[in-house]
Amino acid sequence: MANISLIAGKGVLPNIHPAAAITVLFLLFYPAFASDFFVFQIGAYSLVLGTIALSLVMLAGYGGMVSLSQLTVAGLAGYLMAILGHNSVGVMGLGWPWWLTALTAIFAASVFSALIGAISVRTEGIYTIMITLAIAVAFFYFVRQNYVIFNGFTGYAGVVPPTLFGIYWRDPTPFYYLSLAVAAFFFFMVVYGARSTFGLSLQAIRDNPRRMRAIGYDVTLHRIFAYFLSGLIAGTAGVLMVWFNGRISPGSVGVDVVIDILVIAVVGGMRHPIGPFVGALAFVLLENFAIDLIDRERFNTVIGTAFLLVVLFSPDGLLGLWARIRERLRLRKHPQSDGSGVH
Amino acid sequence: MARSAAKIPSAVEVDLVLRTDALTRLQSTGQYALELEAVSRHFGALVALADINLTVKAGERRAVLGSNGAGKTTLFNAITGDFPPTTGRVRLFGEDVTDLPVHERIRRGLRRTYQISLLFDGLSVVDNVYLACRGASRGRLSLRRPKPDDAMTHVAETLLDAVHLGAVRDSLVAELSHGQQRQLEIALALAGAPRFILFDEPAAGLSPTERSELIEILQSLPPHIGFIIIEHDMDVALRVAESVTMMHNGRIFKEGNPKEIESDPDVQELYLGGGHA
Ligand SMILES: Nc1ncnc2c1ncn2[C@@H]1O[C@H](COP(=O)(O)OP(=O)(O)O)[C@@H](O)[C@H]1O
Ligand SMILES: [Mg+2]
């Protein structure tokens, strides 16, 4: 698969597209006109889920490694927030200061991700999916059965962000901006990193690992490093996730949620780091409003159908669908142009 | 368009940019670039290489001839480690590399091209060559973008000019013609101060013009770079190589200088009988 949009364009900031400028303004002023529900449950939650899915897009879109363990990595960070920091359950809760807890949780999640990488990078395609899924399932059963550290079936509650600079960061607007800052940071890191030496090498490994070895690259090392970096993204998002929910339990890292992340990434599109956020927004909107139209029980059917439709009609997800619609419109306006030069 | 043979960056230039220690190694190592000792390679019951003993001096240019299925590509795979030998030892510049992974052999100055192009289809031409230059140096894991005036990008561009791909530097590999992809194969092998290169049928499918450009490139390689070239076209092989190895059924069948090989009755019988003009 040729990832033109990933590698075209020389920089992040020069010649900003009007649509991008409008999106940025909208995101910045969103809390000014949206209700608390829309700011927190829709806005912030989409950003958090989108960031977890971004870690998958980084691995899969650029590196060709489809890992189903990304939510598990985020989940480990979430659990560590409860274990090392504060919780209201009376189990563990070592009371570390929030910043030390968060840094440790994110770093541990990255190392965990690198370990998952070390186990799975020698496999390709469907086997990578199977191994990482197996790790996700194993983690789910482990935390459910382990009461000493993970508090088993109950998990943890009362895991909240600190009050800092006189702001309680779990209030909808502050938490929204916190999530937006984290999402934007990693989004731009991925956009920038795609053209870095390592980013190029990752895409080259996706295209042709054998040739990469034959020009001097330790492909295994590069893949493990990619897992580590994606663990930074997923781990940070995991901290936000546990702050958003206030709680974490085996259900937060169950197979259904693991699959949701894959659905979000695929539906949004893996060709550009904006894809996972588009996918997450679509997912969260469906999750919140589909139940008004249909039974809560049928939600997974709706998600599954939406997933099938997108995959069937646009292998590049909603992003690809949008690019195609735009192309149609452009061709109608300038029928003589040849359709090339999409950026 | 008149093309002048662009200069291939000299080893010293490249070495300064890449900060490899290929040159110091070159001076400190022995006489042979490559030594194979009783190398064989099996694929299941198939013996693709049997008991190969082969030495190539540093700077020597060798042609390997032989009909399809003779084991020529398998020989290259055994040398690079793409498919390591089943038995036997491989020494590069005096060092036993039999147990080293592919990338470690490459970092010691070995390069290869592939019979069927293996390129990075989703990347631009210049990024392909940039990565090849970077592969033999430090900073492979750098999370920074190379600067526009990056010395290594400069080397990559000089190399692209040398293989006549300067005009398509920003094209995606998938958009190149077959001939251009073959040129890029060669550029990837020339990148990063190579000391010994394995060319696997580089002329296959090239037009006569492209073929003579290829010969020109091979002839203009700095003298310390030795190579083995697999080539069906005797003309091409004999114009760039000073010695010839004939292979047949996974074994070395004859070795000698081009004249001896060309006039050898066994070779003529095999070659003409094998259906190669
Ligand atoms: N990866 C492989 N798996 C199985 N058999 C192989 C493999 N590579 C080569 N062979 C077999 O080894 C023999 C030599 O092949 P090869 O080295 O490609 O020949 P040449 O390059 O001289 O045409 C052939 O019979 C081929 O089918
Ligand atoms: Mg061959």
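Residues numbered from 1 in each chain as written. Chains lettered and ligands numbered in written order. Predicted model: local features only at pLDDT ≥ 70, side-chain atom pairs only at ≥ 80, totals over all residues. Heavy atoms only, no water.

J.: Whenever I open this one, the overall build of chain B confuses me. Can you help?
T.: Assigned secondary structure in chain B consists of eleven helices and ten strands. Taken over 277 residues, chain B has a buried fraction of 56%. Long-range pairs, those at least 24 residues apart, make up 68% of the contacts in chain B between residues at least 6 apart in sequence. Counting every atom, chain B has about 11600 Å² of accessible surface; 52% of that belongs to carbon and sulfur. (Helix = DSSP H or I, 4+ residues; strand = E, 2+ residues; numbered from the N terminus. Buried < 20%, exposed > 50% of the residue type's maximum accessible area, 1.4 Å probe, protein only. Contact = heavy atoms within 4.5 Å. Areas by Shrake-Rupley, 256 points an atom, 1.4 Å probe, with all protein chains shown as cover.)

J.: What's the story with the overall build of chain A in this structure? I'm lost.
T.: The secondary structure content of chain A amounts to 14 helices and four strands. Relative to the 2.2 N^0.38 estimate, which gives 20 Å for 343 residues, the radius of gyration of chain A is 20 Å and therefore close to what a compact globule would have. A principal-axis box enclosing the C-alpha atoms of chain A has dimensions of 70 × 55 × 40 Å. Counting all 343 residues of chain A, 50% fall into the buried class. Of note, chain A has its 20 positive side-chain charges centred 10 Å away from the centre of its 14 negative side-chain charges. (Rg over C-alpha atoms; globule rule 2.2 N^0.38 Å. Lys, Arg positive; Asp, Glu negative; His and termini not counted. Charge placed at Lys NZ, Arg CZ, Asp CG, Glu CD.)

J.: Quick question: what am I supposed to make of the coordination of the magnesium ion (ligand 2) here?
T.: Expected angles at a metal are 109.5 degrees for tetrahedral coordination by four donors and either 90 or 180 degrees for octahedral coordination by six donors. Residues and elements named next belong to chain B. Only T73 (OG1) and Q115 (OE1) from the protein reach the magnesium ion (ligand 2) as donors, at distances of 2.0 to 2.2 Å. In this pair, T73 sits in helix α3 (residues 72-80) while Q115 sits in the loop between β6 (110-112) and α5 (125-135), placing the two residues 42 residues apart along the sequence. Since its relative accessible area comes to 32%, Q115 is described here as partly exposed. (Donors = N, O, S within 2.8 Å, 3.2 Å for Na, K, Ca; no water.)

J.: Where do I start with the interface of chain A and chain B in this structure?
T.: Size of an interface: often given as the accessible area lost when the parts come together. Counting residues at the interface gives 32 residues for chain A and 36 residues for chain B. Approximately 3000 Å² of surface area, both sides summed, lies buried where chain A meets chain B, with 60% of it carried by carbon and sulfur atoms. The largest per-residue losses of area from chain A upon contact with chain B belong to A:T197, A:R210 and A:R211, which jointly make up 24% of the total buried on that side. One can count three salt bridges joining chain A with chain B. Here A:R211 ties to B:E185 by a salt bridge, and the two come within 2.8 Å at their closest N and O atoms. Taken together, the links from chain A to chain B amount to 15 residue pairs in polar contact (both at pLDDT 80 or more). Top element by residues in the side of chain A that touches chain B is helix α8 (residues 197-207) of chain A. It accounts for eight residues. (Buried area = accessible area lost by both parts, 1.4 Å probe. Salt bridge = Lys/Arg side-chain N within 4 Å of Asp/Glu carboxyl O. Polar contact = N/O pair within 3.5 Å; in protein donor to acceptor, adjacent residues only side chain to side chain.)

J.: So what exactly am I meant to see when it comes to the side chain of A:S67 here?
T.: Residues and elements named next belong to chain A. Turning to its location among the elements, S67 is positioned in the loop between α3 (36-63) and α4 (70-84). At 3.1 Å, the side chain of S67 forms a polar contact with the backbone nitrogen of S69. A distance of 3.1 Å separates polar atoms of two side chains, one belonging to S67 and the other to Q70. Other than its neighbours up to four places away in sequence, S67 contacts L56, L59, T132 and Y227.

J.: So what exactly am I meant to see when it comes to the site of ligand 1 here?
T.: All names here are of chain B. Every residue near ligand 1 is listed here: F43, L46, A48, S67, N68, G69, A70, G71, K72, T73, T74 and F83. K72 places a polar main-chain atom, nitrogen or oxygen, 2.8 Å from an oxygen atom of ligand 1. Between ligand 1 and T74, the relevant distance is 2.5 Å, taken from an oxygen atom to a side-chain nitrogen or oxygen of the residue. Coverage of ligand 1 by the protein chains reaches 64% of its 560 Å² of free accessible surface. Secondary structure elements with two or more residues in the shell around ligand 1: β2 (46-57) and α3. Each residue belonging to the shell around ligand 1 can be placed in one class, and the counts come to five nonpolar, six polar and one charged. (Near = heavy atom within 4 Å. Nonpolar A, V, L, I, M, F, W, Y, C, P; charged D, E, K, R; others polar.)

J.: I would appreciate a short explanation of the confidence of the model for chain A in the present structure.
T.: For residues with low pLDDT, the predicted coordinates do not support detailed interpretation. Residue and element names in this part refer to chain A. Put simply, chain A has an average pLDDT of 85, and 92% of its residues get 70 or more. No element of chain A has a lower mean pLDDT than helix α1 (residues 4-7), at 42, and none a higher one than helix α10 (residues 219-245), at 96. Low confidence marks residues 1-11, where pLDDT is under 50. Its contacts with residues over four positions away, or in another chain, come to 32 contacts. In this model, residues 337-343 is a region of pLDDT below 50 whose contacts with residues beyond four sequence positions or in other chains number eleven contacts. (pLDDT = per-residue confidence, 0-100.)

J.: What should I look at first to understand the pairing of strand β3 (residues 61-65) of chain B in this one?
T.: In summary, the side chains of a regular strand alternate between the two faces of the sheet. All names here are of chain B. With five of five residues buried, β3 lies mostly within the body of the structure. Alternating residues of β3 divide into R61, A63 and L65 and R62 and V64, and every residue in both groups is buried. For β3 and strand β8 (residues 226-230), the ladder comprises four bridges, and the chain directions are parallel. Looking at β8, one finds that R61 is bridged to F227. The sheet contact formed by β3 and strand β9 (residues 243-248) spans four bridges and is parallel. Within the sheet, the bridge partner assigned to A63 lies in β9 and is V244. (Pairing = 2+ DSSP bridges.)

J.: Hey, could you run me through a nonpolar patch on the surface in this one?
T.: Residue and element names in this part refer to chain A. A contiguous nonpolar surface patch, about 840 Å² in accessible area, is contributed by L308, L309, L312, F313, L321, W322, I325 and L329. Those elements giving two or more residues to the nonpolar patch turn out to be α13 (299-313) and α14 (317-333). Structurally, I325 is set in helix α14. (Patch = residues over 30% accessible without salt bridge, like charges linked within 9 Å, V, L, I, M, F, W, Y side chains within 5 Å.)

J.: Mind showing me how you'd approach unusual backbone geometry here?
T.: Generally, phi is negative for residues other than glycine and the peptide bonds are trans, each holding for most cases. Here the phi dihedral of A:N151 falls at roughly 55 degrees; this positive angle occurs in a residue that is not glycine. With respect to the secondary-structure elements, A:N151 resides in the loop between α6 (125-145) and β1 (156-157). In the Ramachandran plot, B:A38 falls in the positive-phi region, its phi being about 50 degrees despite a non-glycine side chain. Its place among the elements puts B:A38 in strand β1 (residues 32-43).

J.: Help me understand the pattern of salt bridges in this model?
T.: Close approach of charged atoms allows side chains of opposite charge to pair. Residue and element names in this part refer to chain B. Overall, the coordinates contain 17 salt bridges over all chains when judged by the stated rule. A salt bridge links R112 to D82, with the nearest nitrogen and oxygen atoms 3.4 Å apart. Of the two residues, R112 is situated in strand β6 and D82 in the loop between α3 and β4 (87-92); the sequence distance between them amounts to 30 residues. Ionic pairing is found between E104 and R108, a salt bridge with its closest N-O pair at 2.9 Å. Several salt bridges converge on common partners, so that one network encompasses E95, E104, R107 and R108.

J.: Help me understand the sheet that holds strand β5 (residues 95-96) of chain B, please; the structure alone is not making it clear to me.
T.: Hydrogen bonding along the main chain pairs the strands of a sheet, whether they run parallel or antiparallel. Residues and elements named next belong to chain B. Across the sheet, which stays open at both edges, the four strands sit in the order β2-β1-β4-β5 with antiparallel pairing between neighbours. Edge positions in the sheet fall to β2 and β5, since each of these pairs with one other strand and no more. Inspection of the sheet shows β4 paired to β5 by two bridges, in the antiparallel sense. Residue pairing for β5: L92 is matched across the bridge by E95.

J.: Just checking my understanding: could you explain the environment of B:M246 for this structure?
T.: All names here are of chain B. Turning to its location among the elements, M246 is positioned in strand β9. Judged by its relative accessible area of 0%, M246 falls in the buried class. Along the sequence, M246 and D149 sit 97 residues apart, while their C-alpha atoms lie 46 Å from each other.

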